[in-house]
Amino acid sequence: MSKPNQTAQPGKTATTGAPVRTIEPAVAATGGLAADDEPTAESHAVIGDGSNVSVPAPNKSAAERQGGSERSEPIRFGPSFPLPIAPISQGTTAFIHTGSWRYLKPRYVNKVPPCRVGCPAAMPVERVMTLVEGGKYEAAIREILDENPFPGICGRVCYHPCETACNRGQYDSPLAIQLTERFIADETADLDLQLEGGPRQKESVAIVGGGPAGMAAAYFLLRLGYQVTLFEAENRLGGILRYGIPPYRLPRAILDQELNRVVALGLKVQSGVRVGRDIPWSALRGFNARMLAPGLGKSRLLGIAGEDAQNAESGLEFLRRFNTEGPRHIGKKLVVIGGGNTAIDVVRTAIRAGCGDVNLLYRRTRAEMPALAGEVDEADREGVAMSFLSLPIRFIVDTANRVVAVEAVKMKLSEPDESNRPRPIPIPGSEWIIETDHVVVAVGESEHASAMPDDAALCREQAFPLIQSGDQGEFYVGGDLSNDTLTVVSAIASGKRAAIAIDSDLRGRLADWKAIRVADGGLSFTRYLGKETPGHNRSIAIDRINPDYFKKQERARTPRLSVRVRVAGFEEVNLGYAQSAAEVEAKRCFHCGVCTACDNCYIFCPDAAVEKKPDNTFSIRYEYCKGCGICATECPRGALDMVADEEGINDE
Amino acid sequence: MSERKVIMGNHAVSYGVKLARVQVISAYPITPQTQVVEMLSEMCADAVLAAKFLKVESEHSALAAVIGAATLGVRTFTATSAQGLALMHELVHWSAGSRLPLVMADVNRAMAPGWSIWPDQLDALSQRDTGWLQLYCESNQEILDLTLLAYRLAESLSMPVMVVYDAFVLSHTSEPVEIPDQSEVDAYLPALASRTKLDLKTPAAFGGLTSPEYYFEFRYMMQQAHDRALVLMDEIGAEFGRRFGRNYGALETIDCDDAELILVTAGASSSTTRVVVQERRRRGQNIGIVKLRLFRPFPVDAIRRVLRKARRVAVIDRNLSVGCGGIFAQEIRAALCDLSDRPEILGYVAGLGGRDITLALLNALIDDALERKAEEGYLVFWGLKEETLYVER
């Protein structure tokens, strides 16, 4: 800025006879009475000491003076006398570029909220919460369906890693995201959404396996315009969703409705067809792309005596038979071995099927169980007897090769094993015998040998996994075969990944895998379609949330069917919540790292350097921003970052 | 119709503020001021007083809030005491320089440490150079009356006025007080027509950077306002007397015409002094009292007129400017020093931190003032415990 003009002009003479001073902008700041010498009548401020004294206002409007360019004309002070009684100025200070004092600057940087990073399917939870708060359920379901075809299913059976990631969990309790997803799905179940597909493509794709991964891949490929044929070994679609998960967790009406939504997009279904058995692998050669999502069909064994008894079966087999044939008589007493969700599904199903004495044996403690804690709690409530630190060592069979009892040994926990869980060690001499009428072993699954061509092997060297076969060539792959986390939502995510890989290969466009991944979370279909830009693709921790703006409030509770009613049948146990609860829950959202136009920055900026634009976004007038950081501190949700001033405004 | 109520000094302020139809009140509680704003908040809650009551987080904010409100041209009130007033200090200057017609009650309380809630004039006197007018009260009636008069003064001059009274001796002591009729007060104190007003249609910056070219003149104008205040005080004090039957001037003089010795007091100890002096008069001693009501502006001419006839003046300061002496004594010496026939001036500091100024103490003080060698009377600590007198620390 320039220095004071030392050569004050002998200005015009004001009515009082006092000279008019001419001073350049820097010094104009030192004048309480910055004003031009030819005021307009309208702009007079009438202030005075005993008489009305006018302080002339500048001819130029404040707006004209703002905007960064150096003034070429000097500011003139008004007549010196008579003065008003106190310093008052109608001049503008817009020429004072306080931004030059800055060494840090604020920047609006929307982040990826941790819930979305936590969701393998990259569900835009934060945007959905905004829509739910506004009662816009159709827009909300469309947002979800852009990333996940099965909100009604995930809203019931997902292990909701989004809630584990929710920053609110470190404040009071995480948002009930899963309940909200379910609420939206149920609320919009009757809408005809007319989901748009991409331009019709001539290429065809074959998918083997109609579980969540195969169906998700089919869904995304159909929305991309491909001709999709799906081969399913069972008679009906759904895989684990239909043949594993019991209806009290996932009502079949919901399952059918969501699977039908995919079929309605034009899916050709070949059910009851096991590829490699009913038709040869070579039958798939005519398709432009092929994908395998067969799941893990083979149950692991304990490797102990008596496992081949007539009345011993695997958890998957037990559930499959129940889900296809309905309840059957298994005797008065049941022993189930295992600690995962399959084991819990088995015991809860058995209770409902009328088995009065259901015993669960697990070799570690409750804390180490891989099953969802809530499911274990419910099993407990429903009367399952759980023996922890208990390992079966043999099944005692009678002459008809029927198990009559299980001999087990007590365990103690030792140092962590390769799965980082404490290793259970048998306690010699602690063996005991449990009599039983039936045994179910549910200790995990592995891949079925017939699920792929004989010479096929999984290859993970690309951005996405492939199955390579010398005879049959390459297959895209999804589901449990390719996933470390054997969950429904991971299967859905892997189906999406395969669909994106197929599309990018067939269309010859390179998917920017880093950009379509939400921070270090899952892949976003919305981003792949270019409907959403990655922006500053990183997440945000709780320490960036300003707790002063959020009242502590516990999350919505899940109403459940009473134990007495639920064990009498297969009615859905979790009842979901009401609309009022959805809105309350949506209001709890921190909107981590995402500007909600709350106006705090706009209100708090002491330099009025935050500008609000008509579209409810903000920009910063950096020529005035002193870099004080109040905007970033008062942002309730960390949507403003303070960065070194040398950095560009739009870099990164 | 006016009515008589037996009320505490603090509530006398509250009634005064209510009668003044104040529009914005902001205060932060501090003993012994709290009851002032407690009652006002009740009046607001009960819709007896149509004022906006702003709760704030500190005295600094309280004064800032009323500065903002007054800039919009509304009548305001705040009250505080001691540390609270000290915390306001920056804005005490600011409000005067802004020429805002604020009225604030300050309950005289000793400055800490040692932590004290008892009377001492130093808190208010520490603000003497800010430009605020200061009125010192002797009774609860005077508190109410001077609160009303303060608004007239403030708004006539566009200067802020502080109404000052003693902690507990007045603030928490009940006395009969005549509460004037609202219509009478309305006639005495018309609605505020602010001369410096923020008009949102014509935005302006108030109190901005002021170059050496202008600052000096603004201060000069503040002095002019104080000069006018001396005249105005007599005028509006007399008008108050015509309307309400109680006259108020810058000073109150009692038996000074023939007085050999004049005692100068301010605040509640003036009442005790009256009793002692009445008794002395009965015994034939020509003793008078000058009670300082208006301390800023300092009524130099009136002081000279009344004190120059006496042989001796004994100033009783319930305050100490450490390193110099009683503040009233300094000001009076300064006012009289260029008179050729000036009285001998003795400066007594008494009753600091709420130590009682009793009849006995004043009787002994008068004896001392009549006898003491003038050259040994510059600064006399009156009423110290004897054992401390000879100890150097």
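Residues numbered from 1 in each chain as written. Chains lettered and ligands numbered in written order. Predicted model: local features only at pLDDT ≥ 70, side-chain atom pairs only at ≥ 80, totals over all residues.

Enquirer: Quick question: what am I supposed to make of the overall build of chain B here?
Expert: Of the regular secondary structure elements, chain B holds twelve helices and 16 strands. A principal-axis box enclosing the C-alpha atoms of chain B has dimensions of 65 × 55 × 45 Å. Looking at chain B as a whole, 52% of its 393 residues are labelled buried. For chain B, restricting intrachain contacts to residue pairs at least 6 apart in sequence, the fraction spanning at least 24 positions comes to 80%. (Helix = DSSP H or I, 4+ residues; strand = E, 2+ residues; numbered from the N terminus. Buried ≥ 20, exposed ≤ 12 C-beta atoms within 10 Å, placed from the backbone. Contact = placed C-beta atoms within 7 Å.)

Enquirer: What is the right way to read the overall build of chain A from this model?
Expert: Within chain A one finds 21 helices and 27 strands. Per-residue burial over chain A gives 46% buried out of 652 residues. Residue pairs at least 24 apart in sequence account for 70% of intrachain contacts in chain A once pairs closer than 6 positions are excluded.

Enquirer: Please explain unusual backbone geometry as it appears in this structure.
Expert: Across the chain, the bulk of peptide bonds are trans and the bulk of non-glycine residues have phi less than zero. Residue B:Pro32 is reached from B:Thr31 by a cis peptide bond, and omega for that bond is 5°. Here B:Pro32 lies in the loop between strand S2 (24-27) and helix H2 (34-45). In this structure, the amide linkage connecting B:Arg296 to the following residue, B:Pro297, adopts the cis form with an omega of -5°. Residue position: B:Pro297 is located in the loop between strand S13 (294-296) and helix H10 (300-307). At A:Asn616, a position not held by glycine, the phi torsion is positive, near 65°. Tracing the sequence through the fold places A:Asn616 in the loop between strand S25 (610-612) and strand S26 (618-620). With phi around 65°, B:Phe168 is a residue other than glycine that occupies positive phi space.

Enquirer: Help me understand the sheet that holds strand S8 (residues 227-232) of chain A in this model?
Expert: In sheet architecture, strand pairing relies on hydrogen bonds along the backbone and comes in two forms, parallel and antiparallel. Residues and elements named next belong to chain A. In spatial order, the strands read S9-S8-S7-S10-S24-S23-S22; together these seven strands make up an open sheet with mixed pairing. Looking at which strands have only one partner, the edges of the open sheet turn out to be strand S9 (268-271) and strand S22 (457-459). Neighbour-to-neighbour, the strand axes of this sheet turn through a mean angle of 30°, independent of strand direction. Sheet analysis places strand S23 (residues 466-469) next to strand S24 (residues 473-477), joined by four bridges and oriented antiparallel. Bridging across to S24, Ser-469 finds its partner in Gly-473. (Pairing = 2+ DSSP bridges. Axes fitted to C-alpha atoms, helices over the stretch in contact; angles between N-to-C directions.)

Enquirer: Which parts of the structure should I look at to understand the nonpolar core?
Expert: Across soluble globular proteins, nonpolar side chains show a tendency to be buried alongside one another. Residues and elements named next belong to chain B. Ranked by size, the top nonpolar core spans 128 residues in total, and within it Val-161, Val-163 and Ile-262 carry the most contacts. Looking at this core, the element that brings in the most residues is helix H6 (residues 140-157), giving ten residues. Each of two domains, domain 1 (3-244) and domain 2 (251-388), supplies a minimum of three residues to this core. When near neighbours in sequence (up to four residues on either side) are disregarded, Ile-262 contacts Cys-256, Gly-288, Ile-289, Val-290, Leu-307, Ala-310 and Val-313. (Core = buried A, V, L, I, M, F, W, Y, C linked by C-beta atoms within 7 Å. Domains from an automatic or database assignment.)

Enquirer: Which parts of the structure should I look at to understand the packing of helix H9 (residues 212-223) of chain A against helix H15 (residues 488-507) of chain A?
Expert: When two helices pack together, their arrangement is given by the angle between the helix axes and by the axis-to-axis distance. Residues and elements named next belong to chain A. For the pair H9 and H15, interaxial distance at closest approach is 7 Å and the crossing angle is 40°. Comparing the axis directions of H9 and H15 gives the class oblique. The handedness of the crossing between H9 and H15 comes out as right-handed. Across from Pro-212, Ala-213, Gly-214, Met-215, Ala-216, Ala-217, Phe-220 and Leu-221 in H9, the residues of H15 making contact are Val-488, Ala-491, Ile-492, Ser-494, Gly-495, Lys-496, Ala-498, Ala-499 and Ile-502. (Parallel < 35°, antiparallel > 145°, perpendicular 65-115°, else oblique. Left-handed = near helix turned anticlockwise from the far one by under 90°.)

Enquirer: Hey, could you run me through the sheet that holds strand S11 (residues 261-265) of chain B in this one?
Expert: Residue and element names in this part refer to chain B. Ordered in space as S10-S12-S11-S14-S15-S16, the six strands form an open sheet in which the pairing is mixed. Two strands lie at the open edges of the sheet, namely strand S10 (251-254) and strand S16 (380-382), each paired on one side alone. Averaged over all pairs of adjacent strands, the angle between strand axes in this sheet comes to 25°, irrespective of strand direction. Relative to strand S15 (residues 344-350), strand S14 (residues 312-317) runs parallel, the two sharing six bridges. Bridge pairing in S15 places Asp-317 opposite Val-349.

Enquirer: How should I be thinking about the packing of helix H12 (residues 315-325) of chain A against helix H13 (residues 341-352) of chain A in this particular structure?
Expert: Residue and element names in this part refer to chain A. One can describe the packing of H12 onto H13 by two numbers: an axis separation of 9 Å at closest approach and a directional angle of 45°. Classed by the angle they form, the pair H12 and H13 counts as oblique. H13 is crossed by H12, and the crossing has left-handed handedness. The segment H12 lies against H13, with Gly-315, Leu-316, Phe-318, Leu-319 and Phe-322 engaging Thr-342, Ala-343, Asp-345, Val-346 and Thr-349. Partitioned by chemical class, the residues of the contact of H12 with H13 number six nonpolar, three polar and one charged. (Nonpolar A, V, L, I, M, F, W, Y, C, P; charged D, E, K, R; others polar.)

Enquirer: Please clarify how the confidence of the model for chain A should be interpreted in this entry.
Expert: All names here are of chain A. Model confidence for chain A is summarised by a mean pLDDT of 85, while 87% of its residues fall at 70 or above. Counted against residues more than four places away or in other chains, residues 1-72, with its pLDDT under 50, gives 145 contacts. Predicted confidence is poor over residues 648-652, with pLDDT under 50, and the contacts of this stretch with residues over four places away or in other chains come to two contacts. (pLDDT = per-residue confidence, 0-100.)

Enquirer: Can you walk me through helix H5 (residues 137-145) of chain A in this structure?
Expert: One turn of an α-helix holds 3.6 residues; hence residues three or four places apart share an orientation. Looking at H5(A), one finds that the buried residues are A:Tyr137, A:Ala140, A:Ile141, A:Glu143, A:Ile144 and A:Leu145. Contact partners of the buried residues in H5(A): helix H4 (125-133), helix H6 (151-157) and helix H8 (177-187) of chain A.

Enquirer: For this particular structure, what's the right way to read the environment of B:Val277?
Expert: Residues and elements named next belong to chain B. The residue Val-277 is located in helix H9 (residues 269-282) in this model. Its 23 C-beta neighbours within 10 Å are what place Val-277 among the buried residues. Residues Val-277 and Ile-289 lie twelve residues apart in sequence; the distance between their C-alpha atoms is 7.8 Å. Discounting chain neighbours no more than four positions away, the residues touching Val-277 are Ile-254, Asp-255, Leu-263, Ile-287 and Ile-289.

Enquirer: I'm lost on the domain arrangement of chain B in this one. Help?
Expert: A common way to report how large an interface is uses the accessible area buried once the components associate. All names here are of chain B. Its domain assignment divides chain B into domain 1 (3-244) and domain 2 (251-388). Between domain 1 and domain 2, the C-alpha centre-to-centre distance is 27 Å. Contact residues are listed per partner, giving 27 residues for domain 1 and 20 residues for domain 2. Among the elements of the structure, helix H5 (122-125), strand S6 (133-136), strand S7 (161-166) and helix H8 (212-244) are those that each provide at least two residues to the side of domain 1 that touches domain 2. The element best represented in the side of domain 1 that touches domain 2 is H8, accounting for five residues. Looking at side-chain class alone, the side of domain 1 that touches domain 2 contains 16 nonpolar, six polar and five charged residues.

Enquirer: Is there a simple way to think about the confidence of the model for chain B in this case?
Expert: Any segment with low pLDDT has predicted coordinates that should not be analysed in fine detail. Looking at chain B, the pLDDT average stands at 95 and 98% of residues meet or exceed 70. Across the interface, the model reports ipTM at 0.82; the global pTM reads 0.71.

Enquirer: What is the right way to look at H9(B) in this model?
Expert: Residues and elements named next belong to chain B. With 14 residues, H9 should cover 20 Å at 1.5 Å per step; its first-to-last C-alpha distance of 20 Å lies within 8% of that length. All of the buried residues along H9 are Ser-269, Ser-270, Thr-273, Val-276, Val-277 and Arg-280. Taken around the axis of H9, the buried residues stretch over an arc of 120°, which confines them to a single face. Turned more than 90 degrees away from the buried face of H9 sit Val-275 and Arg-282, all of them exposed. Next to the buried residues of H9 lie S10, S11, strand S12 (287-292), S14 and helix H12 (359-371). The first or second residue beyond H9 is Gly-284, which carries a positive phi of 95°. (Expected span 1.5 Å × (residues − 1). Arc of directions from axis to C-beta.)

Enquirer: When you look at the pairing of strand S14 (residues 357-361) of chain A in this model, what are you seeing that I'm missing?
Expert: Residues in a regular strand project their side chains so that they alternate between the two faces of the sheet. All names here are of chain A. Across the five residues of S14, four count as buried, placing the element largely inside the fold. Where strand S13 (residues 333-337) meets S14, five bridges bridge the pair, whose relative direction is parallel. Across the sheet, Val-335 pairs through a bridge with Asn-359, a residue of S14. In the classification by handedness, the crossover that spans S14, the intervening helix H14 (residues 373-381) and the parallel strand S15 (residues 385-387) is right-handed. (Right-handed = clockwise from strand over helix to strand, strands pointing away.)

Enquirer: Teacher, can you tell me more about the environment of A:Gln553 here?
Expert: With respect to the helices, strands and loops of the structure, A:Gln553 is situated in the loop between helix H17 (525-528) and helix H18 (563-566). With 35 residues separating them along the chain, A:Gln553 and A:Arg588 place their C-alpha atoms 7.6 Å apart.

Enquirer: In this structure, what is going on with the environment of B:Glu90? I would like to understand it.
Expert: By the element assignment, B:Glu90 lies in helix H4 (residues 82-97). For the pair B:Glu90 and B:Thr130, spaced 40 residues apart in sequence, the C-alpha separation works out to 9.2 Å.

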